[in-house]
Amino acid sequence: MSGYPLPDGRQITGVLTTTFGRQLKGGTWAEHPKAKYECLACRTTEGPVVGAIAVTAFTQTIRITHPANCPGHPTQQGAAA
C-alpha cells in the first residue's frame, strides 16, 4: 500500500475533495456542489458526483464503500490491526 506518511506512523490513503457550489438568492444553483474521492492505495478515482443530494450521500458513504472494494486497502490484505 502506498500513501502519504504522517509523523506518528499513520498514512493518508485517500483524498476526498468537495466544492460547495454557489446558490443564488432564488434558490437556484449558479454552480452545483461536486465531490470526488481519490484512493492513493489503488490509484482509482470515484466520482465526481454533482448536486447537493448526491454530494451528501457520497460523502457520507465513501469511507465505507470504497475500502470494502479496494484491492490496495489494508483490510483487503489482512494487515489492519
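Summary of the structure given here. (Residues numbered from 1 in each chain as written. Predicted model: local features only at pLDDT ≥ 70, side-chain atom pairs only at ≥ 80, totals over all residues. Heavy atoms only, no water.)

## Observations concerning the pattern of salt bridges
All chains considered together, the criterion is met by 3 salt bridges. Residue arginine 10 is joined to aspartate 8 by a salt bridge in which the shortest nitrogen-to-oxygen separation is 2.9 Å. The pair arginine 10 / aspartate 8 is uniform in exposure class, with both members exposed. One salt bridge connects glutamate 38 with lysine 36, and the closest N-O pair in it is separated by 3.9 Å. Under the relative-accessibility criterion, lysine 36 is labelled partly exposed at 32%. (Salt bridge = Lys/Arg side-chain N within 4 Å of Asp/Glu carboxyl O. Buried < 20%, exposed > 50% of the residue type's maximum accessible area, 1.4 Å probe, protein only.)

## Describing the pairing of strand 6 (residues 34-39)
Residues Ala35, Tyr37 and Cys39 line the buried face of strand 6, whereas the alternating positions Lys34, Lys36 and Glu38 sit on a face that is not buried. Across 6 bridges, strand 3 (residues 14-19) lies against strand 6 in antiparallel orientation. Bridging from a neighbouring strand, threonine 19 pairs with lysine 34 of strand 6. The hairpin turn running from strand 6 into strand 7 (residues 45-50), its antiparallel successor, is 5 residues long, and arginine 43 in that turn takes a positive phi close to 60°. (Helix = DSSP H or I, 4+ residues; strand = E, 2+ residues; numbered from the N terminus. Pairing = 2+ DSSP bridges.)

## Points about the pairing of strand 7
Pairing geometry for strand 6 and strand 7, over 4 bridges, is antiparallel. Its bridge partner being in strand 7, lysine 34 is matched across the sheet by valine 50.

Nothing here speaks to function; it is geometry throughout.
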